[in-house]
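Coordinate inspection notes
Here is how the chains run, residue by residue.
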Amino acid sequence: MRSVLKNVIGALVTILVASAVIFAAMQLVPGDPAAEIAGTDATATEVEQVRQNLGLDRPAWIRYFDWLGGFVTGDFGQSLQHRQSVLTLLKPRLGATLMLDLYATLLVAVVGIGLGVLAARNRRMSSTLTVVSSVFVGLPTFVAAIFLIQVFAISLGWFPALADTGDGLASTIHSLTLPAIALSLSWIALVAQISRASFREQLGREHVQTAVGRGLTKNAIFRRHVMRNGAAPIVSVISLTMGGLIAGSVVVERAFSIDGVGAFLVQSILRHDAEVVMAITMLIVVVFIAVTVIADLIQLAIDPRLRSRGVDR
Amino acid sequence: MTSTGLVTPSPRRARRLRSGQPARRSVLRQDRVALGLTIFLGLLVLVALLAPVLAPYAPDETDILAASQGPSGAHLLGTDALGRDLLSRLIYGTRLSLLGPVVVIGVATVCAVTLVLSSVWIGGRYDRFVGKALSVLFSFPGLILAIVVVAIVGAGITGPIVAFSIAFIPYIARVLRPVALRERSMTYVNALEMLGVSGWTICVRHLLPNIFPFVRAHVTIALGTALVDLAAVSYIGLGVQAPAAEWGLQISTGQADLLAGKPWESLTACVAVLVVVIAVNILGERLAAAAQKEGR
C-alpha cells in the first residue's frame, strides 16, 4: 500500500514540475496574443483593453495557477488561431490518435509476446528472431511508413496510403492498419527479444525443473510457471512502448495524413498557437506518466514479493 | 613486503593505468566486422566533407524539364519534383544528417560523463539530487521536448539540436552510472585515495579511461538513435527547412512523388538513413559486447 502511494505521489510531483516547465516555456513563444486578437489595425489602447479582458496583464504565477486549475477541470483554454475552445478542437483528433495508439499497442503485445513465446520454445525460431529483430529494432518509424506505403498501398493496393478515420469502424480499422504497423514494428522486435530472454531465463530455473519432474505437460508448465514468472520485464517494456508510441504517432500521423493530436500539435507550433501547444504537451506528459505508474502498479500486482518487501521498484 | 591486495592494483588494471587509452586498438583488431563498420562510417564522414567534389551536380541546381525522373545515365538516382539531382542531394545531405547527431551526442556525452563521475565520486545528497533530476528528465519523451523547444525558437536545426542534447543526457548517464559505480568501488581506487592522489586526478586519469570502453559503446548506439530522432523532427516539418538537403526532409518532400508512383526521392533517403542506423547499431553492439568482456 505504501509503495502504491509513493508511486502516485511521485507521479503527481513530476506532472507538476512538467506543467511549470511547459507554462514557462510557452511564455517565451514569440508573438503577442493580445495584439493578434485585436487585429492589425487596432490602436495601442485597444490592444491594452484586449489584454485586460484576457487577463494577460496579471502576473505570470497567477496565470499559471489559473491555467493549471483550468487544465485539471477540463478547460484547456481558447485557440488563438481557430477562435474556438481547445477542447472542442481536440476531441475528434483525440479519438483518431487513441485509436491508432491502441491498435499499435495491441499489435505490440500480441505479436511481440507471441514471437517471444515461439522463440523461447523453438531453437530455429530463436535464431531467425535474433537476425530479423536486430534489423527491425533500429527501423525508424518514418522509414517503415514509407516502405509500407510503397509496397502495400501503391504496389499492391491493399490498404489506403492516406488514412481516413472518418466513416465506420471497419473502414477506420482498415485504413489505420498500415499506420499501426509502421508505429509498432520496432517495438514488436524489442518486446519479442525481451520476452524471449525472460522466458528463457525462467526455463532454466529450478522451479521449472521441479514442474517437469512432477510430470506436468509442457504447455501447462509454460503457461503457469514460465509465462507468469517471466512477465515482469515484459510489462515494463510494454509500458515503455506506450510512451514511445505517443511520440511516434506524431511522425506516423504526418506520414499517413491522419488528422490526429500529433499533427495538430505540429500545426499549432508552426502557427504559434500557444494554448493548443500547452494543452497537448500537458496531455502527452500526463498520459506518459500515467502509463508508467500503471505499469509499476501492475508489476506490484503480478509479483507479490515486491509488495511484502515494500520495495518501491 | 607482503601485498595486502588493497594497494596493488590487479595486473590487468595496472596495465591499463599505464597505457592510458585502454584496449582501443585491440577491439578493432580482433573484430573484423567492427573494423569494417568503423571504416564505413569514416568514409561517410569523408563523403560529407568532400561533398562538393563528389556530387555530380550542385544540390540546389534545378532542371524543371527533367523533374521527377527515375535513375538514368545523367542522374544516377533520378531527380526530385524540381529536377534536382537526387544523388547530389543525398551526398550533400550527409552533412546536416550526420552533423546534427554528432553535435547532440557530443554535448550529451560530455554532460552525462561529468554528471556520472562527479555524482559517483561525491555521493550523498548531490548524488541523490542528480539521480532524481535525471529520472524526471528521462520520463519526458525526447521528441516532445524537441517540439516544445521548437515552439520557442522556431522551426530549424538549432531547436532540435539543443533539445536532444539535453534529452540524451539521462539516456547515456543511466547506462554509465552502474559501470562507474563498480569502478569506484575497486580496490585500486581506494589505493590511489590512500596514496593522497586528488579526487579530480583519480576521476580524470583513472576512472574515465577505465569506463571509456562502455562510454564508447553506448555513445555509438545513442548516435543511431539521435540520427533517427533528428531526421524524424525534420520529417514532420519542424527541423531542417527546405531547400536545404537533409535526409529526413527529403523523405518528407518526396512523399508527394511517392504517392504519384515516383518513389525515388523518399526511397533513396530512407535507405540512406536505414543503412547508417543499422551500421551504427551493429558497431555499438559489438563494442558493448567487447566492453562487457573486458570489464570481467
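Residues numbered from 1 in each chain as written. Chains lettered and ligands numbered in written order. Predicted model: local features only at pLDDT ≥ 70, side-chain atom pairs only at ≥ 80, totals over all residues. Heavy atoms only, no water.

Per an unreviewed UniProt entry, the recorded name for chain B is ABC transporter permease, and the organism is Mumia zhuanghuii. The UniProt entry for chain B carries the following text under Subcellular location (unreviewed entry): "Cell membrane". (UniProt positions renumbered as here; feature names shortened; annotations may be inferred.)

Chain A appears in an unreviewed UniProt entry as ABC transporter permease from Mumia zhuanghuii. The UniProt entry for chain A carries the following comment under Subcellular location (unreviewed entry): "Cell membrane". Listed in UniProt under the heading Sequence similarities (unreviewed entry), the comment for chain A reads: "Belongs to the binding-protein-dependent transport system permease family."

Things to note about the overall build of chain B
Scanning chain B from terminus to terminus reveals 13 helices and zero strands. Starting at the N terminus and walking to the C terminus, you meet the elements of chain B as α-α-α-α-α-α-α-α-α-α-α-α-α. In terms of overall dimensions, chain B has C-alpha extents of about 85 × 45 × 25 Å along its principal axes. Every one of the 296 residues in chain B was classed for burial, and the buried ones make up 49%. Across chain B, contacts joining residues at least 24 apart in sequence account for 69% of those joining residues at least 6 apart. Working note: accessible area of chain B is about 13800 Å², and carbon and sulfur atoms make up 66% of it. For chain B, the centre of its 25 positive side-chain charges and the centre of its 15 negative side-chain charges are spaced 19 Å apart. (Helix = DSSP H or I, 4+ residues; strand = E, 2+ residues; numbered from the N terminus. Buried < 20%, exposed > 50% of the residue type's maximum accessible area, 1.4 Å probe, protein only. Contact = heavy atoms within 4.5 Å. Areas by Shrake-Rupley, 256 points an atom, 1.4 Å probe, with all protein chains shown as cover. Lys, Arg positive; Asp, Glu negative; His and termini not counted. Charge placed at Lys NZ, Arg CZ, Asp CG, Glu CD.)

A short note on the overall build of chain A
A tally of helices and strands in chain A yields 14 helices and two strands. Across its three principal axes, chain A shows a C-alpha extent of roughly 85 × 55 × 30 Å. Burial analysis of chain A (313 residues in total) assigns 43% to the buried set. Contacts in chain A between residues at least 24 apart in sequence constitute 73% of all its contacts with a sequence separation of at least 6.

A few points about the nonpolar core
Of all hydrophobic cores here, the largest spans 137 residues; its most connected members are Phe142(A), Phe256(A), Phe164(B) and Ile251(B). In terms of residue count, helix H10 (residues 199-235) of chain B provides more of this core than any other element does, 17 residues in total. Residue-level mapping places this core at the junction of two domains, with at least three residues from each of domain 1 (2-81) and domain 2 (87-303) of chain A. The residues contacting Phe142(A), other than those within four sequence positions of it, are Val251(A), Val228(B), Ala231(B), Ala232(B), Tyr235(B) and Ile251(B). Counting 14 residues, the second largest nonpolar core, distinct from the first, contains Val191(A), Val208(A), Phe222(A) and Val237(A). (Core = buried A, V, L, I, M, F, W, Y, C linked by side-chain atoms within 4.5 Å. Domains from an automatic or database assignment.)

Description of the UniProt feature "domain: ABC transmembrane type-1" (unreviewed entry) in chain B
Following the UniProt record, one finds the feature "domain: ABC transmembrane type-1" (unreviewed entry) at residues 90-284 of chain B. Between the end C-alpha atoms of residues 90-284 of chain B there is a gap of 24 Å, over a span that is 85% helix and 0% strand.

Concerning the layout of surface pockets
Residues and elements named next belong to chain A. By volume, the second largest pocket amounts to about 850 Å³. Lining the second largest pocket are 30 residues; nearest its centre among them are Pro33, Leu54, Leu56, Glu275 and Met278. Those elements that place two or more of their residues in the lining of the second largest pocket are helix H1 (2-27), helix H2 (33-38), helix H3 (44-54), helix H4 (60-72), strand E1 (78-79) and helix H13 (274-302). With five residues, the top contributor of residues to the lining of the second largest pocket is H4. For the lining of the second largest pocket, the class distribution of residues is 14 nonpolar, seven polar and nine charged. Of the residues that make up the lining of the second largest pocket, three or more belong to each of domain 1 (2-81) and domain 2 (87-303). (1 Å grid on protein atoms, 1.4 Å probe; cavity = no way out; pocket = protein on both sides within 12 Å on 5 of 7 lines; lining within 4 Å. Points joined across faces, edges and corners; volume = space filled by probe spheres on them. Nonpolar A, V, L, I, M, F, W, Y, C, P; charged D, E, K, R; others polar.)

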